[in-house]
Amino acid sequence: MKIIFSLLIILTSLQVQARTQGKMSETTKKMIQELLHAHKGCPENSSCTKEQGSLYLKFSNSLSGSQKIIRDFNRESGFPLRLFTTQKDSTEEITYDSKCFSHRSGEKKYYQAIKFILNTKEVNNKGRFFPRVFLNKKNKFITSTNASPLYTTNNSLYSFLDFNNKIYTLKSSKSGALEFDFNNNSPTSPKSVKCSKELKDIFSKYMKDYPNFQNLFKGSYCQDIFNIETKSYETYITGWDC
């Protein structure tokens, strides 16, 4: 406990010094990062092994490169999908506390995870993982919990997400493939709409396959998402976590 308290004092001192000087040096940033996590590359306040930290750092560095470098990483090491998990610590993914108070304080605890995957079939363990999903009668698309839907085609959902203060597009295919996309499509934005009973029933049935996640959501909501191939809106339902 004394060690943790000492680290907090050192960290606070570094942050105050940086604010006083009006600029944080690279050396100070590095020292703060090392204090926040023992393993290089690991996100702040996460449970993360040395190997996962190295992989996440490699991913972060790829974002500073060309589209080819990002695509090469994506193809070789997968996409860092953010999803919910029931396991606090793991050697296979990076985990951290959920932003939702109910996930941290309820009888059943839920956590966020970052898992590098090539296909969503890799998170088919329904007792351990719950990936964010957009559903309707015809389609099921899985995307990252930090992603916001943009549009669909007949076979894929496109979402935008923020990495290192820069916006990227994630393509989620029906086949389960996940990849960065750099096309410049700019269709009409999604619209929030009232959920039909049919969609609510579809979502309730889907959740029955995840008995360990019955208390994950406070409810559900629906969006009209534009399909650029049919040139029409299609309504999808997803969970509302907090």
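Treat the numbers as computed from the prediction; the structure is a model and nothing was measured.

Colleague: Break down the state of the cysteines for me, citing the residues and quoting the values.
Modeller: Going through the model one piece at a time under the given rule, you end up with three disulfides. What pairs with cysteine 42 in a disulfide is cysteine 48, and their sulfur atoms sit 2.1 Å apart. The S-S bond linking cysteine 42 to cysteine 48 shows a torsion near -75 degrees; that makes this disulfide left-handed. At a sulfur-sulfur separation of 2.1 Å, the disulfide partner of cysteine 195 is cysteine 222. On the S-S bond that ties cysteine 195 to cysteine 222, the torsion sits near 120 degrees, and the link is right-handed. Taken together, the residues span a long stretch of sequence, with cysteine 195 in the loop between β11 (191-193) and α6 (197-207) and cysteine 222 in strand β12 (residues 219-227) at a distance of 27 residues. For the pair cysteine 195 and cysteine 222, a shared accessibility class is recorded, and that class is buried. Going through the chain in sequence order and numbering each bonded cysteine, the pairs you get are 1-2, 3-6, 4-5.

Colleague: Can you explain the pattern of salt bridges? Please cite residues and give values.
Modeller: Here the structure, examined in full by the defined rule, presents 11 salt bridges. A salt bridge links aspartate 201 to lysine 197; its shortest N-O distance comes to 2.8 Å. Residue aspartate 201 and its partner lysine 197 are located together in helix α6, separated by four residues, close to a single helical turn. With a relative accessible area of 39%, aspartate 201 lands in the partly exposed category. Linked by salt bridges that have partners in common, Glu92, Glu93, Lys115 and Arg128 make up one network.

Colleague: Tell me about the packing of aromatic side chains, and please be specific about residues and values.
Modeller: Applying the stated criterion across every chain, the model contains 24 aromatic pairs. Considering the side-chain rings of tyrosine 56 and phenylalanine 59, the 5.9 Å spacing of their centres and the 55 degrees angle between planes classify their relative orientation as tilted. Taken as a pair, tyrosine 56 and phenylalanine 59 lie in helix α3 (residues 50-62) at a separation of three residues, close to a single helical turn. Put simply, the rings of Tyr56, Phe59, Phe73, Phe79, Phe116, Phe163, Tyr168 and Phe180 touch in pairs and so form one group of aromatic residues. Directly above the aromatic system of tyrosine 233 lies the positively charged group of lysine 191, at a separation of 4.3 Å from the ring centroid.

Colleague: With reference to specific residues and values, describe the sheet that holds strand β3 (residues 111-117).
Modeller: Here we have four strands laid out as an open sheet, ordered β2-β3-β1-β4, and antiparallel in their pairing. What marks the edges here is a single partner per strand, and that holds for β2 (94-97) and β4 (129-130). Each of β1 (79-85), β2 and β3 is contacted by α3, which is oriented at about 70 degrees to β3, the strand it contacts most.

Colleague: Let's hear about unusual backbone geometry: which residues, and what values?
Modeller: With a phi angle near 60 degrees, asparagine 45 is a residue other than glycine that sits in the positive phi range. Relative to the helices and strands, asparagine 45 is located in the loop between α2 (26-36) and α3. Of the residues examined, asparagine 45 reaches a relative accessible area of 62% and is grouped as exposed. With a phi angle near 65 degrees, asparagine 165 is a residue other than glycine that sits in the positive phi range. Relative to the elements of secondary structure, asparagine 165 occurs in the loop between β8 (156-163) and β9 (166-173). Asparagine 165 gets classed as exposed once you look at its relative accessible area, which sits at 75%.

Colleague: Just give me the short version of the confidence of the model for the chain, but keep the residues and values in it.
Modeller: Confidence in the prediction of the chain, expressed as mean pLDDT, is 86, and 84% of residues score 70 or more. Here residues 1-12 scores under 50 on pLDDT; set against residues more than four positions off or in separate chains, the count is five contacts.

Colleague: Provide a residue-level description of the nonpolar core, including the pertinent values.
Modeller: Formed by 26 residues in total, the largest nonpolar core has its most connected members in Phe59, Phe79, Phe163, Tyr168 and Phe180. Secondary structure elements with two or more residues in this core: α3, α4 (67-77), β1, β2, β3, β8, β9 and β10 (178-181). It is β3 that contributes the most residues to this core, four residues altogether. Among residues more than four places away in sequence, those in contact with tyrosine 168 are Leu63, Ile70, Ser159, Phe160, Leu161, Phe163, Phe180 and Phe182.

Calculation notes
Residues numbered from 1 in each chain as written. Predicted model: local features only at pLDDT ≥ 70, side-chain atom pairs only at ≥ 80, totals over all residues. Heavy atoms only, no water. Disulfide = S-S within 2.5 Å. Helix = DSSP H or I, 4+ residues; strand = E, 2+ residues; numbered from the N terminus. Buried < 20%, exposed > 50% of the residue type's maximum accessible area, 1.4 Å probe, protein only. Salt bridge = Lys/Arg side-chain N within 4 Å of Asp/Glu carboxyl O. Phe/Tyr/Trp six-rings, centres within 6.5 Å; stacked < 30°, edge-to-face > 60°. Lys NZ or Arg CZ within 6 Å of the ring centre and 35° of its normal. Pairing = 2+ DSSP bridges. Contact = heavy atoms within 4.5 Å. Axes fitted to C-alpha atoms, helices over the stretch in contact; angles between N-to-C directions. pLDDT = per-residue confidence, 0-100. Core = buried A, V, L, I, M, F, W, Y, C linked by side-chain atoms within 4.5 Å.

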